[in-house]
Amino acid sequence: MSYVVAVDVGGTEIKSALVDSDFNVIATTTAPTPKADTTGVETVKAIAAIVTQFSTQHPVDAVGLAVPGALDEPAGTSRWSGNLQWKNLPIRNLLEDAIKIPVAFGHDVRTAAVAEMRSGAAKGARNAIFIPVGTGIAAALIIDGEIRSAEGFAGEIGHVNVNGKYPCVCGKSGCLEPAASTLAISKAYGAQSGKSGTTTEEIYKLVVAGDAVAINVWNDATAAMARACELLITILAPEVIVFGGGLSNAGETFLKPIRDYLDSSLTFQRKPRLEIAHYGAKAGTIGCAMLAFDRVKAGK
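Residues numbered from 1 in each chain as written. Predicted model: local features only at pLDDT ≥ 70, side-chain atom pairs only at ≥ 80, totals over all residues. Heavy atoms only, no water.

### Brief notes about the pattern of salt bridges
Taken as a whole and judged by the stated rule, the model has 11 salt bridges. The partner of R110 in a salt bridge is E73, and the shortest N-O contact between them spans 3.1 Å. With R110 in helix α3 (residues 108-119) and E73 in the loop between β5 (70-72) and β6 (77-81), the pair connects residues that are 37 residues apart, well separated along the chain. The class of R110 is buried, set by a relative accessible area of 5%. Residue D294 pairs with R118 through a salt bridge whose shortest N-O separation is 2.8 Å. Of this pair, D294 sits in helix α9 (residues 283-299) while R118 sits in helix α3, and the two are 176 residues apart along the sequence. Classification of D294 by relative accessible area gives partly exposed; the value is 28%. (Salt bridge = Lys/Arg side-chain N within 4 Å of Asp/Glu carboxyl O. Helix = DSSP H or I, 4+ residues; strand = E, 2+ residues; numbered from the N terminus. Buried < 20%, exposed > 50% of the residue type's maximum accessible area, 1.4 Å probe, protein only.)

Here's what the structure looks like:
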């Protein structure tokens, strides 16, 4: 049995898992993402400590590293990540130098899409879109059976203008991300209810329970997401749109308002199925592990 460590660096935390070659998750851990770590040094230290910790359980053959933002994946470089404050950072080489084992590198959303495309909710679809909704929002574009990245720049729908009210980390206002991300929903609910720190899981349960403030916030967020989906559908004509990340736990509470909006707004366009990720919030972990095992096989 072979083992890899899957590492997903998010805007607020680093999620990691020890995964075996049958894609069983053996152990998981999280650590806070270092703030304003523009050089990547503290992030590398945190990941190295996690790999060392997992290595006490099983020998680790490779690491799969997923990060957000615009990437040069072949070079292992983060061109830009607003949530991590990285610019032209050679993060893969920095991590490989620190841990001395191979590192597979990819965009956090596209690595999650690998799992959904190979054995999840997008399996068998030639044209699909995968959208995990977390602290940030981006999309993986599956076109004619392959994930297309346009040299790492494609899929940044979090920065599509949906006439939102709030400023974005990219420097503009009106973007999808500050309108519909988990962080945005929590902030909006806090501002309207006076109850800061309420999680999106708590908010969607309040929606189901009929809480007026929660419903208003939820409707704003899902309407913004639906507008972005309408744009993607019109341009790319996917057979299915798969949603993952933290909001995927809301299931139909999240999907229904988006589906209703699209049913009323689409005319000639192909109407895609809307699905929750088969792997849920674990899609990134499984996709990362798949890329890491691809790297192990390539090295043999």
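### As for unusual backbone geometry
In this structure, A36 takes a positive phi of about 50° despite not being glycine. Its location among the elements puts A36 in the loop between β3 (25-32) and α1 (41-55). Positive phi is not limited to glycine here, since N163 has a value of about 60°. By the element assignment, N163 lies in the loop between β11 (146-148) and α4 (177-180).

### Brief notes about helix α2 (residues 91-99)
An α-helix turns once every 3.6 residues. As a result, residues three or four positions apart point the same way. Taken residue by residue, α2 has I91, R92, L95, E96 and I99 as its buried positions. One side of α2 holds all its buried residues, which, seen down the axis, span an arc of 130°. On its buried face, α2 is in contact with α1, β4 (62-67), β7 (86-89), β8 (103-107) and α9. One or two steps after α2, the chain reaches K100, where phi turns positive at roughly 65°. (Arc of directions from axis to C-beta. Contact = heavy atoms within 4.5 Å.)

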